[in-house]
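# Geometric and topological summary
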Amino acid sequence: MTDRFPVRPWRLAALASVAMVTASFLSVLYHIVDVVGGVSVFGPLVVASVALAVFFRALPERLAGALAAVLLAGGLSVYVVVMPDVYAAALSVDRVLSDTVALLTGFSVLRMAEAGAWALAVTPGPVFLTWYFALREKYAASAAVGGLTLGFFVLTGDSGTVGTMVGVLGAFGALGFGTLDVHHARRRQVEVVGAVLAIAVLASATVSAVPSTGSPLVPQSATAPEGSLAVAGDRVGVGGSITLSPKVQFVVESAQADYWRAGVYDRFTGQGWVRATGPDEGGALDAPPGRTERVTQEVTARQPLGVMPAAATPVRVSGADHTVSAFGNPRPDGALDNGDSYTVESAVLAPTTAELRQAGTDYPTDVRDRYLQVPESTSDAVRSLTANVTAGAGTPYATARAVESWLEANKEYSLSVPAPDGNLVNQFILEQNAGYCVYYASAMTVMLRTQGIPARYAVGYTSGQRVSEDTWVVRGVDSHAWVEAYFPDVGWVRFDPTPGNPRETQETETVADAREEGVDGVDTAGSEDGTYTTTTTTTSPSENTTSANTSTQVPGIDPDRGIRTVSDPGGGNVTDPAAGGGGGDGSGGVIPDIPPGTAAVWTVLVGGLLAAAHRSGVTGRAYRFVWLRTTPSGTPEERVIGAFDRALYVVERTNRPRKRGETVEEYLDAVRADRRARELATLRERATYGGEVTADDADRATTLAAAIVAETNYQPRPSTLFNRTISYFKS
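In this text, all values refer to a predicted model and were calculated from it rather than measured experimentally.

A separate point is the overall build of the protein chain. Regarding its fold elements, the protein chain presents 24 helices and 19 strands. By residue count, 49% of the 731 residues in the protein chain fall in the buried class. Once local pairs closer than 6 in sequence are excluded, the contacts in the protein chain between residues at least 24 apart make up 75%. With the model as given, the accessible surface of the protein chain reaches about 32700 Å², and the carbon-plus-sulfur share is 56%.

This is the structure:
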């Protein structure tokens, strides 16, 4: 009896495994083009790449690699053509190197200015090469190409845990089943492959593929304090139940309350927000275009802070080393410690309702290009519902008010909600009845964009607890997300669709429970005595003011809704990198700062790869390749001997190795070596056995050796290649 299969099941299994590897990195690329645009092109491009591999599977490996390189170079050339002029003009060797290092240390592809075009550009090369090797039954090479492509997206943080695990399993499966197929394995030997795949599952489960969750290969971005929504990283995921900290984060001394903004995001991925980037990641403290009033704040940290919250828009900052984001937000160099303080002067927008209604739709090109993006996965039902909600609105301002009011009236506030399965906005608007501020803000931003109104997602803190005439205590429970919509000649105006009363009730209960439990750090500056109440709280609607919360009057707020207006310059295709995170600090340096822990892991990784390369003979082949094409140096005698050694190596590879005890002359006679090799042998004999060789002799020897080595670079003639290809298909 035999347990062999009558067919080749292991080859089918190996090809299925290659498909898993391909699907793992294609899922990342598909997500990128879904977010930015290009889904309709993506599918045909993948099919064409696989078809190209089928058609050219008879191509020699060297030419196949060259074809893959041509596909990649051609795609990237198209990407350079379509990218914004301001970015293309900044391309340089330093810039390319800096961007490459950033991508390999946690800089998401989605932050690139033309991420969709880049994803489409790089798709054909790895797909073609992965399937070229698979169809030639070179499963190790196929898994290597697919695995390296997936590994790149793991390092950028764009590959999720599940996708990474699928790719790892596919790579191990391709190697295992490919080996079984080559050796005509029996059924029981599949158990070995199964054990290896199980180990791969455990290994994948212990390593996160997303920088924010602790991948050892990617530096951690500086984030907001524990229990806060105000994250300053390059990207932020949204959704799922959360618990906000009742501890004091910072104290603000200011003549008036405001929302203390920490960061802004412009690109929605369906599951979170990222900051798209451009050539210059620095920003300026410029005043917005509309009417403003100046507000000075002194902020003192009470927890380690990776952000510098401030009323928008800051125009002057002092007291702490900082840089400025492209959105006009200051951020600390490093992190602020407990007790550190800084002073900010902000130009706070104070438009009237009439100005907002009359602002029109003459948006700057850079604003229109950047802040109207929605993922292609956004449901048509969301677009239709938004159109119905805003059907009676005659201006962008009225449209924003209608969306804001609809969300507030139709959704409930809750911190305990399930994590979204797919597009968060689709689920929240069409299926889910409850959510918290990030749900509301994400939904409103997308809804406005579907109606052609530029909008963006902002995070920070509400004003907090007022404890004196000009002092506010801000806790983790005050962290918040809201929406900023752009109005021409005014600036970025804040809208807050999250129901205020339920949120404030939740905050109050959380702080009260923490006090009863004796939690440290809940109070400071007399906040335990209750909320400060002003003696004068009346305002006039004609002054365009109203109450921001139950404890204070805030100028510059629309009396119809309580919309606090904020602004910053916005600008071109640039972004706010994470404080201390990947992507550099905006200084234009070639190599961004990499934490010691990440450097240590990279050292171990590179050492392991070099060891594996040595074990497989790759390093030896690479050394011999360079050695053959390097001109010998030293004395004339050393140069002659070095030239002869190179020529002899080529002759042995072309014919047969020299036998033990066989003289050079006997060997050259046996292989019928030409006159060049014989002349080299004569020169080598003179150099070795005491004869005199001159510099001219050495030059002659190196010339002869170079000519012999050059002949190893033989390429098949086109007709021969064509005939081989036809013969392969016929077979």
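Having seen it, we continue.
This part covers the sheet that holds strand 15 (residues 471–475). Read from one edge of the open sheet, six strands run 7-10-6-2-15-14, paired in antiparallel fashion. The open sheet has two edge strands, strand 7 (314–318) and strand 14 (465–468), and neither has a second partner. Neighbouring strand axes in the sheet, compared pairwise and without regard to direction, differ in orientation by 25 degrees on average.

Geometrically, the link from Ala 312 to Thr 313 is a cis peptide bond, its omega value of 10 degrees lying close to zero. Following the sequence through the fold, Thr 313 ends up in the loop between strand 6 (292–301) and strand 7. Notably, Glu 137 is not glycine yet its phi reads approximately 65 degrees, a positive angle. Within the element layout of this structure, Glu 137 appears in the loop between helix 7 (124–135) and helix 8 (139–156). Overall, the relative accessible area of 29% leaves Glu 137 in the partly exposed class. Not every positive phi belongs to a glycine, and Asp 489 is a case in point at roughly 65 degrees. Mapped onto the elements of the fold, Asp 489 is located in the loop between strand 16 (479–487) and strand 17 (491–495). Here Asp 489 falls in the exposed class, since its relative accessible area comes to 67%.

Turning our attention to the packing of helix 1 (residues 9–36) against helix 7. Close contact between helix 1 and helix 7 brings their axes to 10 Å; oriented N to C, the two are set at 170 degrees. When the axes of helix 1 and helix 7 are compared, the pair comes out roughly antiparallel. Within the contact between the two elements, helix 1 uses Arg 11, Leu 15, Val 18, Ala 19, Thr 22, Phe 25 and Leu 26 and helix 7 uses Pro 126, Val 127, Thr 130, Trp 131, Ala 134 and Leu 135. Of the residues assigned to the contact of helix 1 with helix 7, the class counts are ten nonpolar, two polar and one charged.

Counting 61 residues, the largest nonpolar core has Leu 407, Val 438, Leu 448, Tyr 457 and Phe 487 as the members making the most contacts within it. Sort the elements by how many residues they give to this core and helix 16 (residues 437–450) lands first, with ten residues. When sequence neighbours within four positions are dropped, the list of residues in contact with Leu 448 reads Thr 399, Ala 400, Val 403, Ile 453, Ala 455, Val 483 and Ala 485. In terms of nonpolar packing, the next biggest core, distinct from the first, is built from 51 residues, Ala 102, Ala 134, Tyr 139 and Val 274 among them.

This part is about the packing of helix 1 against helix 8. Where helix 1 contacts helix 8, the axes come no closer than 10 Å and their chain directions differ by 20 degrees. The angle between the axes of helix 1 and helix 8 places the two elements in the roughly parallel class. Viewed along their axes, helix 1 and helix 8 form a crossing whose handedness is left-handed. In this structure, helix 1 uses Arg 11, Ala 14, Leu 15, Val 18, Val 21, Ser 24, Phe 25, Val 28, Leu 29 and Ile 32 to contact helix 8, whose residues at the interface are Tyr 139, Ser 142, Gly 146, Gly 147, Thr 149, Leu 150 and Phe 153. Class assignment of the residues belonging to the contact of helix 1 with helix 8 gives a composition of eleven nonpolar, five polar and one charged.

Cut-offs applied
Note that residues are indexed from 1 along each chain, following the sequence as it is written. Only residues with pLDDT of at least 70 are given local features in this predicted model, and only at 80 or more are side-chain atom pairs given and counted; all residues enter the totals for whole chains, interfaces and linings. By convention in this description, side-chain values take in all heavy atoms of the structure and omit both hydrogens and water. Elements are defined by DSSP. Helices are runs of H or I of four residues or more, strands are runs of E of two residues or more, and each kind is numbered from the N terminus. Buried, partly exposed and exposed residues are distinguished by accessible area as a fraction of the type maximum, computed with a 1.4 Å probe on protein chains only: under 20%, between the cut-offs, and over 50%, respectively. Any pair of residues with heavy atoms lying within 4.5 Å of one another is described as a contacting pair. Calculation of accessible area relied on Shrake-Rupley with a 1.4 Å probe; when residues are assessed, cover is drawn exclusively from the protein chains displayed. Two strands qualify as a pair provided that DSSP identifies no fewer than 2 bridges between them. Simply put, an axis is a line fit to the C-alpha atoms, just over the touching stretch for a helix, and the angle between two N-to-C directions goes from 0 to 180 degrees. Each angle is binned into one of four classes, with values under 35 degrees roughly parallel, values over 145 roughly antiparallel, values of 65 to 115 roughly perpendicular, and all other values oblique. We call Asp, Glu, Lys and Arg charged. Ala, Val, Leu, Ile, Met, Phe, Trp, Tyr, Cys and Pro are nonpolar, and the rest, Gly among them, are polar. We define a nonpolar core as any set of buried Ala, Val, Leu, Ile, Met, Phe, Trp, Tyr and Cys residues linked to one another through side-chain atoms lying within 4.5 Å. Each helix crossing is assigned a hand: it is left-handed if the near helix lies turned anticlockwise from the far helix by less than a right angle, otherwise right-handed if that turn is clockwise.

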